[in-house]
Amino acid sequence: MKGRGRNRRAFTLIEVLFVVIILAALAAVGFIGMRYYLTKAYDITVHQDLVSFAKAEEIYRAERGRYLGTEGDYMEGGEGEKGTLRREDLRYAPSAGVRITIVSGDGASPAGPPPFRAEATHPSASKVFVYDFSTGEMTKREKGS
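These numbers were taken from a predicted model, which means no experiment stands behind them.

## Regarding the sheet that holds strand β1 (residues 74-76)
The strand order across the open sheet built from 5 strands is β1-β2-β3-β4-β5, with neighbouring strands paired in antiparallel fashion. On the outer flanks of this sheet lie β1 and β5 (137-142), each paired with one strand and no other. Pairwise comparison of adjacent strand axes, ignoring direction, gives a mean angle of 20° for this sheet. By the bridge criterion, 6 bridges tie strand β4 (residues 127-132) to β5 in an arrangement that is antiparallel. By the bridge assignment for β5, Val128 is matched with Arg141. Across the sheet, helix α1 (residues 13-64) touches β1, β2 (99-104), β3 (117-121), β4 and β5, and the angle it forms with β4 is around 15°.

Next up, the structure:
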């Protein structure tokens, strides 16, 4: 027993447990913060994709005298052709996972009734954005409301 003296310096189990708890708390805070900013980034992407979609629709209208699409038509970004709105016709494709849907109206009569409107969302975004082509207004709402 001579090798085990009282002067030996080592961590106790309580000290190690305390350090592990602090590291776990820091990791949880970091994860929550990262999740918040990731959701905000998706919200910004969805908003910008709808702005770009509206500009592409305006170019289409200037060339053909009408907007492309009617209620229920949609396009989704990512690999391959997804949706009833053709990328080649509009010369635009949204970001991966972003879905843009015509929620009301007909491109031939954008003032309505009902007014021609498009909605954009992403599974990881917290907001849904709606663009009204008759007024040029963009609105947003929380998902699920």
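## So, unusual backbone geometry
Trans peptide bonds make up the majority, and among non-glycine residues the majority have a negative phi. Of note, the phi angle at Arg91 is positive, near 55°, even though the residue is not glycine. Considering the arrangement of structural elements, one finds Arg91 in the loop between α2 (87-90) and β2.

## A word on the side chain of Asp132
Position of Asp132 among the secondary structure elements: in strand β4. Of the side chains with opposite charge, Arg117 comes closest to the buried, unpaired Asp132, at an N-O distance of 4.0 Å. Each residue touching Asp132, except ones within four places of it in the same chain, is listed here: Pro115, Phe116, Arg117 and Glu137.

## Remarks on the environment of Ser126
Checked against the element boundaries, Ser126 lands in the loop between β3 and β4. Ser126 gets classed as partly exposed once you look at its relative accessible area, which sits at 24%. Residues Ser126 and Gly105, spaced 21 residues apart in sequence, show a C-alpha to C-alpha distance of 25 Å. When neighbours within four sequence positions are excluded, Ser126 is seen to be in contact with Thr39, Asp43, Arg141, Glu142 and Lys143. In terms of polar contacts, Ser126 uses its side chain to reach the side chain of Asp43, at 2.7 Å.

Reading guide: rules and limits
- Residues numbered from 1 in each chain as written.
- Predicted model: local features only at pLDDT ≥ 70, side-chain atom pairs only at ≥ 80, totals over all residues.
- Heavy atoms only, no water.
- Pairing = 2+ DSSP bridges.
- Helix = DSSP H or I, 4+ residues; strand = E, 2+ residues; numbered from the N terminus.
- Axes fitted to C-alpha atoms, helices over the stretch in contact; angles between N-to-C directions.
- Contact = heavy atoms within 4.5 Å.
- Buried < 20%, exposed > 50% of the residue type's maximum accessible area, 1.4 Å probe, protein only.
- Lys, Arg positive; Asp, Glu negative; His and termini not counted.
- Salt bridge = Lys/Arg side-chain N within 4 Å of Asp/Glu carboxyl O.
- Polar contact = N/O pair within 3.5 Å; in protein donor to acceptor, adjacent residues only side chain to side chain.

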